[in-house]
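Topology and contacts: notes
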Amino acid sequence: TVADMADDTAALMERIGIHGGAHVVGSSMGGMIAQEMLLRHRAKVLSCGIVMSAGEPADGGAVKPTKRVAKVFYQKPKGTDAKAIAAYRMLVWENIFVPEGKWDDAVRQLAEAESKRVAERSAYFGGIARQFMAIASSPSRLEDLRALESPPPTVVIHGTEDG
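In short, a report on the structure. (Residues numbered from 1 in each chain as written. Predicted model: local features only at pLDDT ≥ 70, side-chain atom pairs only at ≥ 80, totals over all residues. Heavy atoms only, no water.)

1. Quick word on the overall build of the protein
Secondary structure assignment for the protein yields seven helices and three strands. Each helix and strand of the protein, ordered N terminal to C terminal, gives the series α-β-α-β-α-α-α-α-α-β. Counting only residues that meet the buried cut, the protein has 36% of its 163 residues in that class. Total accessible area on the protein stands at roughly 9,900 Å², and carbon and sulfur atoms take up 56% of it. (Helix = DSSP H or I, 4+ residues; strand = E, 2+ residues; numbered from the N terminus. Buried < 20%, exposed > 50% of the residue type's maximum accessible area, 1.4 Å probe, protein only. Areas by Shrake-Rupley, 256 points an atom, 1.4 Å probe, with all protein chains shown as cover.)

Structure, rendered in C-alpha cells:
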C-alpha cells in the first residue's frame, strides 16, 4: 500500500542514519507517499514538495480502474528490447497518462521522448499493475492532511490539465 511505502521510507531513513528528518519531495505516486509521510511520520519531514499527485483516488488526480487502464494491465511488452519497451510505454501514455481528447503532436513528442528514455534505462513492468492498485486502493488523505497540526513548509505543484 502507499502507507506501507511511507513506512518503508521512514525505516530506510533510520537505517541510513537520517534521524533528524529530511526535505521530502514526491511526484505522482511519490507525492502520495510524501503525504503519508506527513501523516504517519511527521517528525521525519522537515519540508514537503508534492508534484502532480492526489490526496484521494476519487479527486480526479489518481488512476481509476477503467477499460483504458485495464488495457494496459492485461498486456505486457512484446519483448525485452528497447523498441518493445518503448512501444509498451506509449501504450501507457495513450491509455493512462493522457486524458481522452488531449492527445496532440506536442504530447506525442513528449511521450515518445519519455518512452525512449525509459526503454534505454529499462523498466520492471511487473510492478506497474501493483503500483496502480496501491494508488487506486488508497483511502482519502484529505481530511487527515487538513487536520495536521503544525505542518511543515509544503509546496504543491499541480496543473488543471493533468488529468
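2. Details of the sheet that holds strand β3 (residues 154–157)
In sheet architecture, strand pairing relies on hydrogen bonds along the backbone and comes in two forms, parallel and antiparallel. One open sheet accounts for three strands, arranged β1-β2-β3; its pairing is parallel. The strands lining the two open edges of the sheet, one partner per strand, are β1 (22–27) and β3. Between one strand and the next, the sheet's axes are offset by a mean angle of 10°, whatever the strand orientation. Relative to β3, strand β2 (residues 45–51) is paired through four bridges, and the arrangement is parallel. Bridge pairing in β3 places Cys-48 opposite Thr-154. (Pairing = 2+ DSSP bridges. Axes fitted to C-alpha atoms, helices over the stretch in contact; angles between N-to-C directions.)

3. Quick word on the packing of helix α1 (residues 2–15) against helix α2 (residues 29–40)
With their axes 8 Å apart at the nearest point, α1 and α2 run at an angle of 70° to one another. Accordingly, the angle class assigned to the pair α1 and α2 is roughly perpendicular. Contact residues: Val-2, Ala-3, Met-5, Ala-6, Asp-7, Thr-9, Ala-10 and Met-13 in α1; Met-29, Met-32, Ile-33, Glu-36, Met-37 and Arg-40 in α2. Partitioning the contact of α1 with α2 into residue classes produces ten nonpolar, one polar and three charged. (Parallel < 35°, antiparallel > 145°, perpendicular 65-115°, else oblique. Contact = heavy atoms within 4.5 Å. Nonpolar A, V, L, I, M, F, W, Y, C, P; charged D, E, K, R; others polar.)

4. Section: the layout of surface pockets
A volume near 310 Å³ is recorded for the second largest pocket. In this structure, the second largest pocket is lined by 16 residues; those nearest its centre are Gln-35, Ile-50, Leu-142, Leu-145 and Val-156. Looking at the lining of the second largest pocket, the elements that each hand over two or more residues are α2, α7 (142–146) and β3. The residue makeup of the lining of the second largest pocket, split by class, is nine nonpolar, five polar and two charged. (1 Å grid on protein atoms, 1.4 Å probe; cavity = no way out; pocket = protein on both sides within 12 Å on 5 of 7 lines; lining within 4 Å. Points joined across faces, edges and corners; volume = space filled by probe spheres on them.)

5. Focus: the pattern of salt bridges
Counted according to the given criterion, the structure contains three salt bridges. The salt bridge partner of Glu-14 is Lys-44, with a shortest N-O separation of 2.5 Å. Of the two residues, Glu-14 is situated in helix α1 and Lys-44 in the loop between α2 and β2; the sequence distance between them amounts to 30 residues. According to the relative accessible area criterion, Glu-14 is partly exposed, its value standing at 35%. (Salt bridge = Lys/Arg side-chain N within 4 Å of Asp/Glu carboxyl O.)

6. As for the nonpolar core
Within the largest apolar cluster, 26 residues are counted, with the highest numbers of intra-cluster contacts made by Val-2, Met-29, Met-37, Val-45, Cys-48, Val-72 and Ile-96. Put simply, the parts of the chain that give this core at least two residues each are α1, β1, α2, β2, α3 (67–73), α4 (82–97) and α6 (126–136). The element best represented in this core is α2, accounting for six residues. Residues in contact with Met-29, not counting those within four places in the same chain, are Val-2, Met-5, Gln-131, Ala-134 and Ile-135. (Core = buried A, V, L, I, M, F, W, Y, C linked by side-chain atoms within 4.5 Å.)

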